[in-house]
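Descriptive analysis of the structure
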Amino acid sequence: SEYNTIKRGPQETVLDYCARFNNVYNAIPQNLRPPPDLALYTFPDGFDSDMAYQLRERAPRTLAEMQDIAVSVEANLIARRNRTRTKRKTTFKEEPSG
């Protein structure tokens, strides 16, 4: 049941989530384990809807490929957030009056 409800934690990195997902998936006995193709449908459900959409949109062929994409998407999202924060700080910075 943990496999069907696994979600990424609020402070969990994508790499940590990937490792936890793989551990849960591999802990399922071989005769009961869902085929790897089904893991491609389950894995994105652990993310918010935007991230899940981006992962599915790229149509990876394997779980490992999807996990690599998830890491790169997270890196891009973090970079975009940092650029937005930096832009806001410079936009709202008060200049000394003359």
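Details of the structure are given in the entry above.
Reading guide: rules and limits
- Residues numbered from 1 in each chain as written.
- Predicted model: local features only at pLDDT ≥ 70, side-chain atom pairs only at ≥ 80, totals over all residues.
- Heavy atoms only, no water.
- Helix = DSSP H or I, 4+ residues; strand = E, 2+ residues; numbered from the N terminus.
- Buried < 20%, exposed > 50% of the residue type's maximum accessible area, 1.4 Å probe, protein only.
- Areas by Shrake-Rupley, 256 points an atom, 1.4 Å probe, with all protein chains shown as cover.
- Core = buried A, V, L, I, M, F, W, Y, C linked by side-chain atoms within 4.5 Å.
- Contact = heavy atoms within 4.5 Å.

**Some thoughts on the overall build of the protein chain**
- In terms of helices and strands, the protein chain carries five helices and zero strands.
- When the helices and strands of the protein chain are read in sequence order from the N terminus, they spell out α-α-α-α-α.
- Split into buried and exposed, the 98 residues of the protein chain put 30% on the buried side.
- Total accessible area computed for the protein chain in this model is approximately 7300 Å², and 52% of it derives from carbon and sulfur atoms.

**Thoughts on the environment of Ala19**
- Within the fold, Ala19 resides in helix H2 (residues 14-27).
- The spacing of Ala19 and Gln67 is 48 residues in sequence and 9.7 Å in space, taken between C-alpha atoms.

**Examining the nonpolar core**
- Judged by nonpolar contacts, the single largest core of 20 residues is most densely connected at Tyr3, Phe21, Phe43, Phe47, Met51, Leu55 and Ala70.
- Looking at this core, the elements that each hand over two or more residues are H2, helix H3 (36-42), helix H4 (49-57) and helix H5 (63-92).
- If one sorts the elements of this core by residue count, H2 sits on top with six residues.
- Not counting chain neighbours up to four residues away, the residues in contact with Tyr3 comprise Phe21, Val24, Tyr25, Ile28, Pro34, Leu38, Ala39 and Thr42.

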